[in-house]
Each structure stands twice: as structure tokens, then as C-alpha cells.
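Topology and contacts: notes
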Amino acid sequence: MTATTTPLDQALLYPSPLKEFWQAFAHNKGAVAGMLFMVLLVFCALFAPWLAPFDPSEQFREFMLTPPAWLEGGQWQFLLGTDELGRDLLSRLIHGARLSLLIGLASVVLSLLPGILLGLIAGFFPRLLGPSIMRLMDIMLALPSLLLAVAIVAILGPGLINTIFAIAIVSLPSYVRLTRAAVLGELNRDYVTAARLAGASLPRLMLVTVLPNCMAPLIVQATLSFSSAILDAAALGFLGLGVQPPTPEWGTMLASARDYIERAWWVVTLPGLTILLSVLAINLMGDGLRDALDPKLKNAV
Amino acid sequence: MLSFIARRLGLLIPTFFGVTLLTFALIRMIPGDPVEVMMGERRVDPVMHAEAMERLGLNKPLYAQYLDYIGQLAQGDLGQSLRTRESVWSEFLTLFPATVELALAALLFAGSLGLIAGVVAALKRGSLFDHGVMGISLAGYSMPIFWWGLLLIMFFSVWLGWTPVSGRIDLLYDIQPVTGFMLIDSLLSGEEGAFVDALRHLILPAIVLGTIPLAVIARMTRSAMLEVLREDYVRTARAKGLSPARVVFVHGLRNALIPVLTVFGLQVGALLAGAVLTETIFSWPGIGKWLIESIGARDYPVVQNGILLIACLVILVNFVVDILYGLANPRIRHQR
């Protein structure tokens, strides 16, 4: 009589990479909380026109600086109160989510792609091209990122597109450096030599063989620069160099709120709180991603 | 050591020229006619326009214009402000001490509090205090400091009335600038209450500017401390029966300070960027506010060379930090 051995559940022995990643990510409670807030934010951004009770630029002249609904003098139709022109704050914040996420996403894509390309080139050509690219990046790093962004916007002029450009240029060096470092680490591996011997062309070697193995730190960096893009865009808006009023950008809203600091705390507090929570959520998520994707980086700042 | 310094200096020079190339290019990327931009006027008379082109050297080829620019810089000529007709260099010199004073106060705040919080959090790893410090520092790291400044003004200045809203000192006091540092000048002036007033003006901006460095330093100190406390020599020191304070501060902290020092240096660039925002919020008359106002007024000579000066400052500070780092850690000095 032969004992029937129950077949081992292969799925438990070798969890799929996605499942393994999720288990590591879900272990970090802060990261999950951050992700939930981000989901909410993305939802608000996608469905802003349907979610927001009012048009963000509609002015209710008879309700200027109405406090939030739960306070004395508040109106239930303006849940978070109104600003100095009688515009509904909640609607403006919801529409602002659109703008901030757009700026973040666009600037990350605009710097990630050229950054990866330059980093690959710098890694694959360590003789001449590599050092010159890296020197250029060092020069860009000589200026603090916000100052470089300010300088670029000062020249190109304020506005949404230029804000995106400025932030994309500013975050370029970190992608180039990371990609190059990762490429240099992979180049001497056996699988790369094997691919070379098999006659893989240079573009194939770069993009198909090496690049996928360099993605983990890049994904983490992309998350982190997404949050600093939102922060820098808000700072530019606050300085009057970013997205211009009456567009409901969070930083721009704060700039005009300064004059009402003595009378209307909600106009000052709420846009900034939204910025803080969004940036915090993304940073928490970035921490979780880093731990899940790249344990080596765990103690790096 | 000398060859180490020489090697670092060698790296400095191409970076400096790169930055001049950047500021040279910046001013030429402004859309519109360069003469109108430089003179700050529209529709300049054609004869004057040609004259200006000649005088400013704008009709020369680009490389010659760049050489002219470098030549001017070499002679210490940073151009003239369009608004005040004063030289950019002298404006920078008058405003710079204000920024240094603010940045030093911010670093003092961030450094002292960050070191203490980081060390205690590392010693009480996993405790409520540890989690609190890490949570607060994560929030501090994500903080939009321009909003943080407004909140503090609203709370401490408007509601409680403890601190003034803006500026470096009350207009009542007539302080002669001797060193440019208001705290020192107000002491020198001998006017009663001036020093305390200057201090009260400084507190909020310093806290705002120091917030992000504080978060970074606290985190870094904690993780460096945790690393060091695991080392054999700390166990040896404990086994010898040294007092816990001596083990932590002399054997532990001293070695944990090396990575913290680097972070300190890296924060200087961030401090200058933060100063732009902090000075704007608190109307602090430093170089950050100067730069933003010049951008608003399209005062391009100031924008161009102000950015150059700030970049040189950051490069220089990073250089000094590099050298200090080499002094503190021989392993860095000898690696190529």
C-alpha cells in the first residue's frame, strides 16, 4: 500500500513576485495608510468635476470668508468654508489635487525617461561620455533643487508647463546617478557577459538585459521625487512663480491666503494640511516600496 | 592630506566654470530682445539699441561673449542692479550676514535638538518616545515649510502675541550695522532691550528653517547611533565598567557623528533653498528674499549673478565639508 502524498501547493512554495512584494509591502502599516490616502487623492483628482460641490472659480460674493460648516457662522453648503472671494474651499482643494498630481506625474515621467537614458549611456561608455555626463549632473546638483527651479522659472516665466519643466530638469541628476550606479553594478555580472557573447546588440543589452535589473532603486526614487515635485510646485506657487491664480493650485492658494491670517484660519490651514498629508502619504508609500523592493537601501537616507 | 585637498580642489574648478556657463546661458534664454531685457525698458531707440549692443558686447560671437563674462567675473565685476543702480556684489554683501545669521540659528536649533532626540530614540529603541521621534521627523521631512511658517505666525504672533510677525528688529531701535549680525550689533549698540527684541524676531524663522534639517538629523543620528552601539568596542567599553553616559557619548556618539556630519553639510544647500521661502514669509532682509524680489522686478543682472554667488557658496561649503570629512575619517582621505 503506498501512501498518497498530497501534492505540495506550488503557489505557497514559490509565491509570485507580485504576491511576495505585496506581503512585504502590507507588513508596513504606514505604507498601507499612505497608499489608501493616495487612492483617495487619485479618486478625487479623476472625478473632481463630479465630486466637488461647486465650480472652483465660482464666486459667492455674499459668502466671503465663511468659516467651515461646524463652526459658528458656517454654512452647510460650504463644508470647509470659503476664501476671500467667496469660492468654496473644498471644491478648490479637490480640483487642486488634479493639478498637483498632474505636475508630479508629468515631471516624474519627463525626468525619468531622459534620466534613465543618460544614466545607461554614462554606465555603458565609462571612458568619455560617462564622465562628461556626470560632471554636468554635478553642476546641476551644485544648486539646491528649489533654487534651480526658481532660476528656470524666472527665465521661462511662471505657469503650469514651465513649472513641470523646471521640476523635471531639477530631478534629472538623481535618476542619472542612480541608473549609472546600478548599471555599473550589473555590467560585470555573468548574465551580461553571456548576453554579450550571444551577440546581443548594444540597445538590446542596455534596455532588455540590464535595465530591468536596475529598476528597483529607480521606482523608489520616482516615488520620492513625486512627493518632492508636489512640494516644489507648491513652493513655486507660493512664491508667485508657479501656477498662476485663479487656478486652484494648493501653493498658490496659500500665497493669497497670507493676508487673511488674522481673520480666517481655515484659508491658511487647509491647503497646507492637504499638501502635508499628500507628501507624507507618498513618502510613507516610498518607504514601504523601498523595504519591499530593495532591502539593501533600508538604512539609506 | 595635502594631496587629498588638492584633488578636491581640482574637482572644484570645472564645477565652477560649469556654473558660470549655466548662469551665462540662463540670461540668454530669456525670451525677447537682450538689450531691452538688460536695460529693463521697452522699445529702445534704434541708435541707442545699436550702441548698447556694442557696449554690452552682444554683437560678438557667443564664445567671445562668454569670455567677456568670465573676464568681468575675474575682475570682481558682478554687474549692477537695474533697480537700485548699486553693484550686485555690494548688495550681496549687505544682505548676506542676515541669511547667515538665520541659517546658523536654524542649524543650532536643528543640530542640538536633532542630536539629543536621535540619541535618546536610539537608546530607547522601540519605545513610545522612539516611535514619536520617528513619526514627527517623517512629518517634518514632508513639511511644506512656507505653510509651517504661516501656521507658527498665526499661532504665536497673531493669537498669542508672543513674537513679532516679521523683520529682524523693531523699528524703534536704530542699530548701526557693524558685523551685520543683528544679535551682535544690538549688543554692541548698548540700547536697552534691543538684543532681546532681535532674539524674539529670530526665533520663529530659525525654527521654520530648521525644521527639515532637524528631521533629517534626528533620523540620521538615530540610525548611526544604533549601528555604533552594536559594535564590539562599545561592548568592550561597557564590560570595562565605564559609566553608561561615557559609553554613549564618548565611545558611541563620537563615532556616530561622522555620517551625521555629512548630512549636516548636505543640509547647507537645502538651508539656502529654505531661506528663500523663510525670508519671504518673515520679510527677513536676506539674499533669498532679495533673489525673489529681483525675479519679480525682472532685475536680471541680480538674478544672474545672485544665483552664481549662491551656487559658489554651496560648492564652497560642500568642499569644506568634504575636507572636514576627510579629517574625521582617514578611510575617506586615502581612497581614490
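Residues numbered from 1 in each chain as written. Chains lettered and ligands numbered in written order. Predicted model: local features only at pLDDT ≥ 70, side-chain atom pairs only at ≥ 80, totals over all residues.

With respect to the overall build of chain B
As a reminder, the rule being used: Numbered from the N terminus, helices here are DSSP runs of H or I no shorter than four residues, and strands are runs of E no shorter than two. Burial is judged by counting the other C-beta atoms within 10 Å of a residue's own C-beta: 20 or more makes it buried, 12 or fewer makes it exposed, and any count in between marks it as partly exposed, with every C-beta position built from the backbone. We call two residues in contact when the distance between their C-beta atoms, placed using the backbone, is within 7 Å.
A count of helices and strands for chain B gives 14 helices and zero strands. Going from the N terminus to the C terminus, chain B shows its helices and strands as α-α-α-α-α-α-α-α-α-α-α-α-α-α. Principal-axis analysis of the C-alpha atoms places the extent of chain B at approximately 85 × 55 × 40 Å. Burial analysis of chain B (336 residues in total) assigns 35% to the buried set. Sequence separation of at least 24 residues holds for 69% of the intrachain contacts in chain B that already meet a minimum separation of 6.

A short note on the overall build of chain A
Regarding its fold elements, chain A presents 13 helices and zero strands. Seen in sequence order, chain A has helices and strands lined up from the N terminus as α-α-α-α-α-α-α-α-α-α-α-α-α. Dimensions of chain A, computed from the C-alpha atoms along their principal axes, are close to 80 × 70 × 30 Å.

Some points on the packing of helix H13 (residues 265-293) of chain A against helix H7 (residues 145-159) of chain B
Spelled out, the test is: Every axis corresponds to a line fitted to the C-alpha atoms, with the helix fit spanning only the stretch in contact, and the corresponding angles, defined between N-to-C directions, vary from 0 to 180 degrees. In a left-handed crossing the near helix is turned counterclockwise from the far helix by less than a right angle, and in a right-handed crossing that turn is clockwise. Following the grouping adopted for this structure description, the nonpolar residues are Ala, Val, Leu, Ile, Met, Phe, Trp, Tyr, Cys and Pro, the charged ones are Asp, Glu, Lys and Arg, and the polar ones are all others, Gly among them.
Taken N-terminus to C-terminus, the directions of H13(A) and H7(B) make an angle of 145 degrees; their axes are 10 Å apart at the nearest point. Considering only the axes of H13(A) and H7(B), their crossing is left-handed. Here Trp265(A), Val268(A), Thr269(A), Gly272(A) and Ile275(A) of H13(A) come into contact with H7(B), specifically with Trp147(B), Leu150(B), Leu151(B) and Met154(B). Residues that form the contact of H13(A) with H7(B) fall into these classes: seven nonpolar, two polar and no charged.

With respect to helix H12 (residues 250-257) of chain A
By the criterion of burial, H12(A) is predominantly enclosed, with seven of the eight residues buried. Those residues of H12(A) that sit buried are Trp250(A), Gly251(A), Thr252(A), Met253(A), Leu254(A), Ala255(A) and Ala257(A). Against the buried residues of H12(A) lie helix H5 (89-124), helix H11 (215-238) and H13 of chain A together with H7 of chain B.

So, the interface of chain A and chain B
Contacts between the two partners involve 35 residues from chain A and, on the opposite side, 41 residues from chain B. For the side of chain A that touches chain B, the elements supplying multiple residues, two or more each, are helix H6 (129-142), helix H7 (145-156), H11 and H13 of chain A. If you tally residues by element for the side of chain A that touches chain B, the top one is H13(A), at nine residues.

Digging into the confidence of the model for chain B
So the rule is basically this: Known as pLDDT, the predictor's confidence for each residue is given on a scale from 0 to 100.
For chain B, the average pLDDT comes to 83, and 94% of its residues sit at 70 or higher. With pTM at 0.85, the complex prediction returns an ipTM value of 0.83.

Concerning the environment of Cys214(A)
All names here are of chain A. Position of Cys214 among the secondary structure elements: in the loop between helix H10 (202-210) and H11. Looking at Cys214, the number of C-beta atoms within 10 Å reads 21, which means it is buried. With 35 residues separating them along the chain, Cys214 and Thr179 place their C-alpha atoms 6.8 Å apart. Leave out the neighbours within four places in its chain, and Cys214 touches Thr179, Ala182, Val183 and Glu186.

Describing the domain arrangement of chain B
Residues and elements named next belong to chain B. Condition: An automatic or database domain assignment provides the domain bounds reported here.
Along its sequence, chain B is organised into domain 1 (2-74) and domain 2 (92-333). The partner domain 2 presents 14 residues to the 15 residues of domain 1 that form the contact. Among the elements of the structure, helix H1 (2-28) and helix H2 (34-39) are those that each provide at least two residues to the side of domain 1 that touches domain 2. Residues that form the side of domain 1 that touches domain 2 fall into these classes: ten nonpolar, four polar and one charged.

Observations regarding helix H3 (residues 29-46) of chain A
All names here are of chain A. Cut-off, in case you're wondering: Given a helix with a known number of residues, its expected span is that number minus one, times 1.5 Å. Picture the helix axis, draw a direction to every C-beta atom, and the arc is the one those directions span.
An ideal rise of 1.5 Å per residue puts 26 Å on 18 residues; H3 measures up with 26 Å between its terminal C-alpha atoms. For H3, every residue scored as buried is listed here: Ala31, Gly34 and Leu41. Viewed end-on, H3 has its buried residues packed into an arc of 85 degrees, placing them on one side of the element. H3 presents Lys29, Leu36 and Val39 as exposed residues on the side facing more than 90 degrees away from its buried surface. Buried residues along H3 sit against helix H2 (17-26), H5 and H13.

Points about the packing of H5(A) against H6(A)
Residues and elements named next belong to chain A. Selection criterion: Convention used here: angles under 35 degrees read as roughly parallel, angles over 145 as roughly antiparallel, angles from 65 to 115 as roughly perpendicular, and any remaining angle as oblique.
For the pair H5 and H6, interaxial distance at closest approach is 7 Å and the crossing angle is 135 degrees. Taken together, H5 and H6 sit at an angle that is classed as oblique. The two elements H5 and H6 cross, and the hand of that crossing is left-handed. Packed against H5, whose contacting residues are Leu118, Ile121, Ala122 and Gly123, the element H6 presents Leu129, Gly130, Ile133 and Met134 at the interface.

Section: the nonpolar core
Basically, it comes down to this: What makes a nonpolar core is a set of buried Ala, Val, Leu, Ile, Met, Phe, Trp, Tyr and Cys residues, with links drawn between C-beta atoms within 7 Å.
Among the nonpolar cores identified, the biggest contains 160 residues, and Leu147(A), Ala149(A) and Val150(A) are the most heavily contacted of them. Top contributing element to this core by residue count: helix H9 (residues 194-229) of chain B, with 20 residues. Dropping the residues within four chain positions of it, Leu147(A) is found in contact with Leu272(B), Ala273(B), Val276(B) and Ile310(B).

Re the environment of Leu214(B)
Residues and elements named next belong to chain B. Secondary-structure assignment places Leu214 in helix H9. Taking the C-alpha atoms as reference, Leu214 lies 22 Å from Leu229; in sequence the two are 15 residues apart. If we ignore the near neighbours within four places in the chain, the residues touching Leu214 are Phe109, Ala110, Leu113, Gly114 and Gly140.

Quick look at the environment of Arg61(A)
Residues and elements named next belong to chain A. With respect to the helices and strands, Arg61 occurs in the loop between helix H4 (48-51) and H5. For Arg61, a count of 7 C-beta atoms within 10 Å corresponds to the exposed category. Between the C-alpha atoms of Arg61 and Leu85, which are 24 residues apart in sequence, the distance is 6.5 Å.

Quick notes on unusual backbone geometry
Residues Pro245(A) and Pro246(A) are joined by a peptide bond in cis, for which omega reads 10 degrees. With respect to the helices and strands, the residue Pro246(A) is situated in the loop between H11 and H12. Positive phi, normally seen in glycine, also occurs at Arg85(B), with a value near 60 degrees. Locating Arg85(B) in the fold gives a position in the loop between helix H4 (62-74) and helix H5 (88-123). For Arg85(B), a count of 7 C-beta atoms within 10 Å corresponds to the exposed category. Its identity is not glycine, yet Ser283(B) carries a phi of approximately 50 degrees, on the positive side.

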